[in-house]
Amino acid sequence: MSLEEYKGVAIFAQQVDNKLSSIAFELIGKAHELAADLGTDVTAVVLGHDIAGLADKLGEYGADKVVLIDNKELETYRTEPYAQALTAYINEYKPEIMLVGATAIGRDLGPTVSARVKTGLTADCTSLEIGDFPLQAREGQEQKHNQLLMTRPAFGGNTIATIACPDNRPQMATVRPGVMQKLPKEAGRKAEVINFNPELTVNNRFVEILNIVKNVTSTVDIMAAKILVSGGRGVGSAENFKLLEDLAEVLGGTVSCSRAVVDSGWKPKDLQVGQTGKTVRPNVYFAIGISGAIQHTAGMEESDIIIAINKDESAPIFDVADYGIVGDLNKIVPALTEALKAELAAKN
Amino acid sequence: MNIVVCIKQVPDTKGGVKFNPDGTLDRASMLAIMNPDDKAGLEAALRIKEQNGAKVTVVTMGLPKADDMLREALAMGADEAVLVTDRRLGGADTWATSSTVAAAVKKLDYDLIITGRQAIDGDTAQVGPQIAEHLALPVISYAEDIKVEGNSVIVKRQYEDRYHEVKAQMPCLITALSELNEPRYMTPGGIFDAYDKEVTVWGRDDLTDLDDANIGLAGSPTKIAKASDKVRKGAGEKVTLDPKESVEYIVNKLKEKHVI
Ligand SMILES: Cc1cc2nc3c(=O)[nH]c(=O)nc-3n(C[C@H](O)[C@H](O)[C@H](O)COP(=O)(O)OP(=O)(O)OC[C@H]3O[C@@H](n4cnc5c(N)ncnc54)[C@H](O)[C@@H]3O)c2cc1C
Ligand SMILES: Nc1ncnc2c1ncn2[C@@H]1O[C@H](COP(=O)(O)O)[C@@H](O)[C@H]1O
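Position numbers for residues start from 1 in each chain and track the written sequence from start to end. Note on labels: chains are lettered from A, ligands numbered from 1, in written order. Only residues with pLDDT of at least 70 get local features here, since the model is predicted, and only at 80 or more are side-chain atom pairs given and counted; chain-wide, interface and lining totals rely on the full set of residues. The side-chain quantities take in all heavy atoms of the structure and omit both hydrogens and water.

Colleague: Looking at this structure, how should I read the state of the cysteines?
Modeller: Two cysteines form a disulfide when their sulfur atoms are joined by a covalent bond. All names here are of chain B. In plain terms, two cysteine sulfur atoms within 2.5 Å form what is called a disulfide here. Counted by the stated rule, this structure contains zero disulfides over all chains. Free cysteine Cys-172: the closest other cysteine sulfur is in Cys-6, separated by 13 Å. Partly exposed describes any residue whose relative accessible area lies between the buried limit of under 20% and the exposed limit of over 50%, with all areas from a 1.4 Å probe on protein chains only and scaled to the type maximum. Overall, the relative accessible area of 0% leaves Cys-172 in the buried class.

Colleague: It is not clear to me how the site of ligand 1 should be interpreted in this structure. Could you clarify?
Modeller: Proximity criterion: a residue is near a molecule or strand once any of its heavy atoms comes within 4 Å of it. Contacts to ligand 1 come from 27 residues, most closely from Arg233(A), Ser258(A), Thr276(A), Ser291(A) and Gln295(A). Mapping the residues near ligand 1 onto chains gives chains A and B. The side chain of Asp328(A) places a nitrogen or oxygen atom 2.8 Å from a nitrogen atom of ligand 1. Polar contacts, as counted here, are pairs of nitrogen or oxygen atoms within 3.5 Å of one another; within protein the pair requires one atom able to donate a hydrogen and one able to accept it, and residues that are adjacent in sequence qualify only if both atoms are side-chain atoms. With respect to ligand 1, the backbone of Leu329(A) contributes an N or O atom lying 2.9 Å from a nitrogen atom. For the accessible areas, the method is Shrake-Rupley and the probe is 1.4 Å, while residue cover comes only from the protein chains on display. Here ligand 1 has 990 Å² of accessible area as a free molecule, and 85% of this is covered by the chains. Among the elements of the structure, helix H6 (259–263), helix H7 (294–297) and helix H8 (329–347) of chain A are those that each provide at least two residues to the shell around ligand 1. Considering only residue class, the shell around ligand 1 consists of six nonpolar, 15 polar and six charged. The secondary structure listing takes helices from DSSP runs of H or I that are at least 4 residues long and strands from runs of E that are at least 2 residues long, numbered from the N terminus. Three residue categories are used. Nonpolar comprises Ala, Val, Leu, Ile, Met, Phe, Trp, Tyr, Cys and Pro, charged comprises Asp, Glu, Lys and Arg, and polar comprises the others, including Gly.

Colleague: How should I be thinking about the site of ligand 2 in this particular structure?
Modeller: Residues and elements named next belong to chain B. Around ligand 2, the surrounding shell holds 20 residues, and the nearest of these are Cys-6, Asp-38, Gly-116, Ala-119 and Thr-124. One of the side-chain N or O atoms of Thr-124 is found 2.6 Å from an oxygen atom in ligand 2. Between ligand 2 and the protein, one listed contact pairs an oxygen atom with a backbone N or O atom of Ala-125 at 2.9 Å. Taking 480 Å² as the accessible area of ligand 2 by itself, protein coverage stands at 97%. Listing elements by their share of the shell around ligand 2, those giving two or more residues are strand E4 (55–61), helix H3 (94–106), strand E6 (112–116) and helix H4 (127–134). Element by element, the count of residues in the shell around ligand 2 is highest for E4, at three residues.

Colleague: I'm lost on the packing of helix H3 (residues 79–93) of chain A against helix H4 (residues 106–116) of chain A in this one. Help?
Modeller: When two helices pack together, you describe them by how their axes are tilted relative to each other and by the distance separating the axes. Residue and element names in this part refer to chain A. Throughout, an axis means a line fitted to C-alpha atoms (over the contacting stretch in the case of helices), and angles, computed between N-to-C directions, take values from 0 to 180 degrees. Two elements in contact, H3 and H4, have axes whose closest approach is 9 Å; the angle formed by their N-to-C orientations is 50 degrees. With respect to H4, the axis of H3 lies oblique. Seen along the crossing, H3 lies across H4 with a hand that is right-handed. On H4, the residues that touch Thr-79, Glu-80, Tyr-82, Ala-83, Gln-84, Leu-86, Thr-87 and Ile-90 of H3 are Asp-108, Leu-109, Thr-112, Val-113 and Arg-116. Any angle that falls under 35 degrees is termed roughly parallel, while one over 145 is termed roughly antiparallel, one within 65 to 115 roughly perpendicular, and all others oblique. With the far helix as reference, a near helix turned anticlockwise by less than a right angle produces a left-handed crossing, and one turned clockwise produces a right-handed crossing. Here, two residues are considered to be in contact whenever any of their heavy atoms come within 4.5 Å of each other.

Colleague: Hey, could you run me through the interface of chain B and chain A in this one?
Modeller: The accessible area lost on association of the parts is a frequent measure of interface size. If you look at the interface, chain B gives 78 residues, while chain A gives 89 residues. Defined in terms of a 1.4 Å probe, buried area is the accessible area two parts forfeit on being brought together, summed over both. Taken over both partners, the interface formed by chain B and chain A buries close to 7,300 Å², and the fraction arising from carbon and sulfur atoms is 57%. Salt bridges are defined by distance alone: a side-chain nitrogen of Lys or Arg within 4 Å of a carboxyl oxygen of Asp or Glu. Run the count over chain B and chain A and you get six salt bridges. Measuring nitrogen to oxygen at the nearest pair gives 3.9 Å for the salt bridge that ties Arg157(B) to Asp108(A). Along the contact surface separating chain B from chain A lie 31 residue pairs in polar contact (both at pLDDT 80 or more).

Colleague: In this structure, what is going on with H3(B)? I would like to understand it.
Modeller: Because each turn of an α-helix spans 3.6 residues, side chains separated by three or four positions end up pointing in the same direction. Residue and element names in this part refer to chain B. To estimate how far a helix should extend, the number of its residues minus one is multiplied by 1.5 Å. The terminal C-alpha atoms of H3, which comprises 13 residues, lie 18 Å apart, in line with the 18 Å expected from a rise of 1.5 Å per residue. Most of H3 sits out of view: 12 of its 13 residues are buried. All of the buried residues in H3 are Thr-94, Trp-95, Ala-96, Thr-97, Ser-98, Ser-99, Thr-100, Val-101, Ala-102, Ala-103, Ala-104 and Val-105. By the N-cap criterion, in which a side-chain oxygen at the helix start approaches the backbone nitrogen of a residue two or three places on, H3 is capped by Asp-93, the distance to Trp-95 being 3.0 Å.

Colleague: Can you walk me through the confidence of the model for chain B in this structure?
Modeller: Here pLDDT means the predictor's own confidence in every residue, given as a number from 0 to 100. Across chain B, the average pLDDT comes to 92, with 92% of residues at or above 70. Among the prediction metrics, the complex's ipTM stands at 0.84, with pTM recorded as 0.83.

Colleague: Mind showing me how you'd approach the packing of aromatic side chains here?
Modeller: When we look at a pair of aromatic rings, we describe it by the centre distance and by the angle of the planes. Pairing of aromatic rings covers Phe, Tyr and the six-membered ring of Trp, with a centre-to-centre limit of 6.5 Å; geometry is then stacked below 30 degrees between planes, edge-to-face above 60, and tilted otherwise. Applying the stated criterion across every chain yields a total of seven aromatic pairs over all chains. Taken together, a centroid distance of 5.2 Å and an interplanar angle of 90 degrees make the contact between Tyr93(A) and Phe196(A) edge-to-face. A residue pair is termed long-range when its members are at least 10 positions apart, and Tyr93(A) in helix H3 and Phe196(A) in the loop between strand E12 (192–195) and strand E13 (208–214) qualify at 103 residues. Residues Tyr323(A) and Tyr249(B) carry aromatic rings whose centres are separated by 6.2 Å and whose planes lie at 80 degrees to one another, so their mutual orientation is edge-to-face. Pair noted here: Tyr323(A) is in strand E18 (residues 323–326) and Tyr249(B) is in helix H6 (residues 243–256), and the two residues belong to different chains. Comparing Tyr323(A) with Tyr249(B), the two get one shared label, buried. Linked through ring pairs, Phe12(A), Tyr77(A), Tyr82(A) and Tyr159(B) together constitute an aromatic cluster. Here, a charge over a ring means that NZ of Lys or CZ of Arg falls within 6 Å of the ring centre while also lying within 35 degrees of the ring normal. Between Lys107(B) and the ring centre of Trp202(B), over which it is positioned, the NZ or CZ distance is 4.6 Å.

Colleague: Just to check I follow, could you spell out helix H1 (residues 22–38) of chain A for this structure?
Modeller: Residues and elements named next belong to chain A. Given a rise of 1.5 Å per residue, 17 residues ought to cover 24 Å, and the 25 Å separating the end C-alpha atoms of H1 matches this to within 8%. Counting buried positions over the 17 residues of H1 gives 12, a clear majority of the element. For H1, the set of buried residues is Ile-23, Ala-24, Phe-25, Glu-26, Leu-27, Ile-28, Gly-29, Lys-30, Ala-31, Leu-34, Ala-35 and Leu-38. Two residues or fewer after H1 comes Gly-39, characterised by a positive phi angle close to 65 degrees.

Colleague: I keep staring at the nonpolar core and nothing clicks. Help me out?
Modeller: General note: in soluble globular proteins, nonpolar side chains tend to be found buried as a group. As used in this record, nonpolar core signifies buried Ala, Val, Leu, Ile, Met, Phe, Trp, Tyr and Cys residues forming a set joined through side-chain atoms within 4.5 Å. Of all hydrophobic cores here, the largest spans 52 residues; its most connected members are Tyr285(A), Phe286(A), Ile288(A), Ile307(A), Ile317(A) and Ile250(B). Setting aside residues no more than four positions away along its own chain, Ile250(B) makes contact with Phe286(A), Ile307(A), Ile309(A), Ile325(A), Ile332(A) and Leu336(A). Judged by nonpolar contacts, the second largest core, of 41 residues, contains Val207(A), Val5(B), Ile48(B) and Ala143(B).

Colleague: Can you walk me through unusual backbone geometry in this structure?
Modeller: Negative phi values dominate among residues other than glycine, just as trans dominates among peptide bonds. All names here are of chain A. Cis geometry is adopted by the peptide bond preceding Pro-170, which originates at Arg-169 and carries an omega value of -5 degrees. By secondary structure assignment, the location of Pro-170 is in the loop between strand E10 (159–164) and strand E11 (171–175). One non-glycine residue, Asp-50, lies in positive phi territory at about 60 degrees. Along the chain, Asp-50 turns up in the loop between strand E4 (42–48) and helix H2 (55–60). Its relative accessible area of 57% is what places Asp-50 among the exposed residues.

Colleague: Sorry, what's going on with a nonpolar patch on the surface here?
Modeller: Patches in this entry comprise residues that are over 30% relatively accessible and not in a salt bridge; like charges within 9 Å are linked, as are nonpolar side chains (Val, Leu, Ile, Met, Phe, Trp, Tyr) within 5 Å. The grouping of Met186(B), Ile191(B) and Tyr195(B) at the surface amounts to a nonpolar patch, some 280 Å² of accessible area in total. Mapped onto the fold, Tyr195(B) is located in the loop between helix H5 (188–194) and strand E11 (200–202).

In structure tokens, the structure reads:
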């Protein structure tokens with residue numbers, strides 16, 4: 001493999017039900033920075049069926065090229081046809097960097113494709129930049145320039161590692177949703193659209209989808225919320241979440257929760273913050289009756305302002321909170337809602 | 001039916017994370033446990049064994065002390081255990097790990113391979129799908145429920161906002177979520193028997209179907225440029241006030257920060 005043959009930054013533009021996922025735009029945003037450093041361009045690769053309509057939006061958000069792989073087999077995500085298609089793209093177009101979202105799709109597709117094209121894959125990255133590997137020149141080892149340096153948390157968020165892939169191409173990473181910034185929309189900006197039709201071979205690795213069941217319970221996206229009112233087991237019951245919903249409503253915020261709450265069946269999984277839930281970065285994060293286990297804080301500690309209410313003064317949540325209040329949520333939260341209502345009414 | 005479950009011994013990060021006075025992670029004081037997703041995978045295999053009849057073999061690549069974890073798996077009800085251990089395998093990334101584990105699995109009989117979704121040390125969720133790739137098997141990740149029907153498995157495959165009910169022909173590989181089940185405890189009799197059983201130990205040279213270019217640190221395409229313990233944002237203010245004062249305190253902070 002000649003590494004120099006590989007050029008350009010590519011992103012897997014995930015779509016579900018023919019709607020582009022937010023991660024696609026986040027990846028384009030980051031890819032733009034990387035491409036600028038490398039003096040190259042950004043390609044968004046879309047896999048699906050009847051997807052021609054998605055190209056314009058990708059262009060408006062900063063893709064220079066859009067590669068469409070349109071095939072009936074790609075209508076709904078399945079590992080094998082998607083892996084065949086993305087592998088075909090990589091072999092044909094040879095991007096030097098291939099970014100995939102660290103979503104339930106990307107964390108299945110990424111490893112499969114990286115193993116198929118025999119390259120490295122860095123999981124769930126939270127920061128990407130172009131730099132040298134090794135970081136400092138070492139005697140007896142060639143220092144390579146213009147490498148993708150991929151930074152990611154590990155050990156449940158307790159350590160961070162920066163990883164490079166100096167000898168294989170493409171340099172692949174899955175990127176945590178909600179961390180990279182999209183570019184502002186530039187209406188009318190056009191990408192060059194390329195239709196690519198690799199042959200997909202139906203084999204024993206094609207699984208059969210018998211049924212698709214969507215969670216209809218909630219449609220809110222906690223990753224997009226500016227204010228999150230998050231509750232833990234300390235809230236006590238599904239009914240008592242009403243206190244948090246009222247608070248969220250006055251502030252124009254959204255309710256989220258810890259895993260203990262999901263495990264108890266009080267709230268659906270898509271409201272869960274943390275290592276096995278979602279990573280959130282709101283302007284304000286209220287942690288109410290949440291102990292602050294490391295798996296939870298891994299998903300929220302980047303919030304701008306963290307306000308914790310917990311009756312246990314030794315709860316670890318106070319180690320990450322900007323403002324910690326030791327006290328009973330059942331007394332504080334309803335009173336806070338009322339006080340805020342009064343404040344906001346006085347303002348208008 | 002033969003089921004192979006890939007399990008890994010990991011430091012227990014759940015609740016028990018300890019820091020040294022200088023803020024670095026105190027790894028020595030953390031317990032080593034069977035990775036939670038893998039334990040759920042083993043439990044799923046044991047349930048299939050009870051319902052359909054199967055032989056369950058657990059495989060791990062790791063240090064010799066992973067013997068403890070394998071005995072725990074035997075005490076839970078696994079039939080056989082394989083430890084792949086060799087200095088030359090150390091420093092492996094997910095490519096090299098999956099190449100090695102796949103080479104070990106190839107020496108066994110299997111209809112179904114179960115791995116955890118992700119190990120709580122590396123948190124990559126890559127090794128399962130990559131083992132499937134090396135063995136050219138269908139993979140179903142993120143399993144919330146597994147049923148065996150004849151020559152097929154029917155799996156509830158989790159996504160963020162939905163699940164797919166998916167059917168695959170065996171042999172295939174499934175990655176298990178902790179949500180799958182509540183793993184059983186070891187029985188006293190099981191513990192007793194587990195210490196009498198043989199754990200098969202394989203070194204690098206026992207894995208003939210494995211290229212030197214794909215193992216250990218040298219065979220890993222990804223290289224660590226830098227690793228450090230995360231600098232945690234320090235604790236902010238902490239106050240203990242009566243409810244009314246608490247409310248005033250929060251409202252003032254929200255005003256100061258121009259939230260309201
Ligand atoms: C592999 C793995 C992945 C995980 N992933 C996640 C994840 O993604 N997200 C996540 O959240 N967790 C995750 N966890 C679980 C995590 O370790 C904790 O178990 C969980 O976060 C605890 O939730 P909690 O804080 O709501 O409950 P608890 O730990 O039970 O805490 C409840 C808190 O409420 C307080 N409280 C009780 N009553 C009141 C009251 N009246 N007023 C004020 N305070 C009160 C208590 O003092 C206590 O601190 C994961 C665990 C593992 C092993
Ligand atoms: N050294 C190993 N030995 C056996 N199985 C492993 C090993 N490393 C990872 N696995 C399996 O692969 C899954 C995913 O691991 P990871 O990609 O490291 O998050 C784990 O849950 C295990 O089932």
